[in-house]
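These are the residues of each chain, in order.
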Amino acid sequence: MPRKRKLLAQLSALQSNSSFPHFDALENGNAMPDGDSSSKSSKYFAIEERNSSQLEADFFNQPCVSLAKSFLGQILVRKLPDGRELWGRIVETEAYLGGEDEASHSKGGKQTQRNAAMFMKPGTLYVYQIYGIYFCVNVSSQGEGAAVLLRSLEPLQGLDAMRELRRASRKGPAKPLKDWQLCNGPSKLCQAFGIDKTFDQRDLTQDAAIWMAPGHDLPGEQDVVVTTRIGIGSRGEWAQKPLRFYLRGNKFVSVVDKKMEREMAATGHSSGS
């Protein structure tokens, strides 16, 4: 509960600088029996104006690895067509450098219709499809063809809507998803936030349906685990490059590197030092 109250306080602080209504209702009347403070009614998320508290172009205009680390702790915001807003704290990212990066869709500087967003200005969304059904969302950075994959989010607001969207994407009857299961993977977070191919090439600094808000209580180097990326085992030496970053001890991360975390605990230093 202390962590939940802390997150609610951070949301209230963000909302004080924007057009958002206050969220006392989330902590009081709308709290679930198990402490889940997800919305039970869209009236708390009916926003008439564009959020004025957001990360601007200068934030995204940095090298890929730097941006991947800087995303940790920031908040992805998605405004649904019905006015509800979904908020998720970014807790896991991967950097794809382009050029020599064998795991990047833009390796060798190859530019196609599919990956065009990777070559656009920093802050541009690159959304691609895998297995013909799932989507993944990336954000372009400095560097020719470089982009950051958003791997996992910690849901903060609109959890009921996220469950609805995840349920609509799943086949057949299924058990209700727990909070930590909503966005703990790149395709899962796209489902939960209603992100599909129509979001490809959108500008996070200009779009009215999706943007990033500055997080509070951002992590320090000692809080960030630096390890290898997921699902690229056939990419030679690039499969071993430390280009995945996640918040140490966060239960919403998709895949935990226990060995690296043990090493960090033993040395008392960050894995990137």
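1. Looking at the confidence of the model for the protein chain
Stage number 1. Scored by pLDDT, the protein chain comes out at a mean of 84, with 79% of its residues at no less than 70.
Stage number 2. Predicted confidence is poor over residues 14-50, with pLDDT under 50, and the contacts of this stretch with residues over four places away or in other chains come to 84 contacts.

2. Let's talk about the pattern of salt bridges
Stage number 1. The full count for this structure, using the stated rule, is 14 salt bridges.
Stage number 2. Among the ionic pairs, Glu 164 bridges to Arg 84, the shortest N-O distance being 3.3 Å. Of this pair, Glu 164 sits in helix 5 (residues 159-169) while Arg 84 is found in the loop between strand 1 (75-79) and strand 2 (85-96), placing the two residues 80 residues apart along the sequence.
Stage number 3. Lys 121 serves as the salt-bridge partner of Asp 203, at 2.8 Å between the closest nitrogen and oxygen. Taken together, the positions of Asp 203 in the loop between helix 6 (186-192) and strand 6 (210-213) and Lys 121 in the loop between strand 2 and strand 3 (125-130) put the pair 82 residues apart, joining distant regions of the chain.

3. Concerning the packing of aromatic side chains
Stage number 1. A complete count under the given rule lists four aromatic pairs for this structure.
Stage number 2. Summarising the aromatic geometry, the rings of Phe 59 and Phe 60 are spaced 5.3 Å apart at their centres and angled 90° between planes, so their arrangement reads as edge-to-face.
Stage number 3. The class for Phe 60 is buried, based on a relative accessible area of 0%.
Stage number 4. Ring centres of Tyr 126 and Tyr 128 lie 5.3 Å apart, and the angle between their planes is 40°; on these two criteria the pair is classed as tilted.
Stage number 5. Take Tyr 128: its relative accessible area is 12%, and that puts it in the buried class.
Stage number 6. Each residue in the set Phe 59, Phe 60 and Phe 71 is aromatic and connected to the rest through ring pairs, giving one cluster.
Stage number 7. The residue whose ring lies beneath Lys 241 is Trp 238, and the NZ or CZ to ring-centre distance is 5.0 Å.

4. Comments concerning the pairing of strand 5 (residues 147-157)
Stage number 1. With 11 of 11 residues buried, strand 5 is to be regarded as a mostly interior element.
Stage number 2. Two elements, strand 4 (residues 134-140) and strand 5, share three bridges in a ladder whose sense is antiparallel. Paired with Val 139 across the bridge in strand 5 is Val 148.
Stage number 3. Where strand 4 folds back on strand 5, the antiparallel hairpin that results is connected by six residues, among which Gly 143 adopts a positive phi of roughly 105°.

So, how was this worked out
Residues numbered from 1 in each chain as written. Predicted model: local features only at pLDDT ≥ 70, side-chain atom pairs only at ≥ 80, totals over all residues. Heavy atoms only, no water. pLDDT = per-residue confidence, 0-100. Contact = heavy atoms within 4.5 Å. Salt bridge = Lys/Arg side-chain N within 4 Å of Asp/Glu carboxyl O. Helix = DSSP H or I, 4+ residues; strand = E, 2+ residues; numbered from the N terminus. Phe/Tyr/Trp six-rings, centres within 6.5 Å; stacked < 30°, edge-to-face > 60°. Buried < 20%, exposed > 50% of the residue type's maximum accessible area, 1.4 Å probe, protein only. Lys NZ or Arg CZ within 6 Å of the ring centre and 35° of its normal. Pairing = 2+ DSSP bridges.

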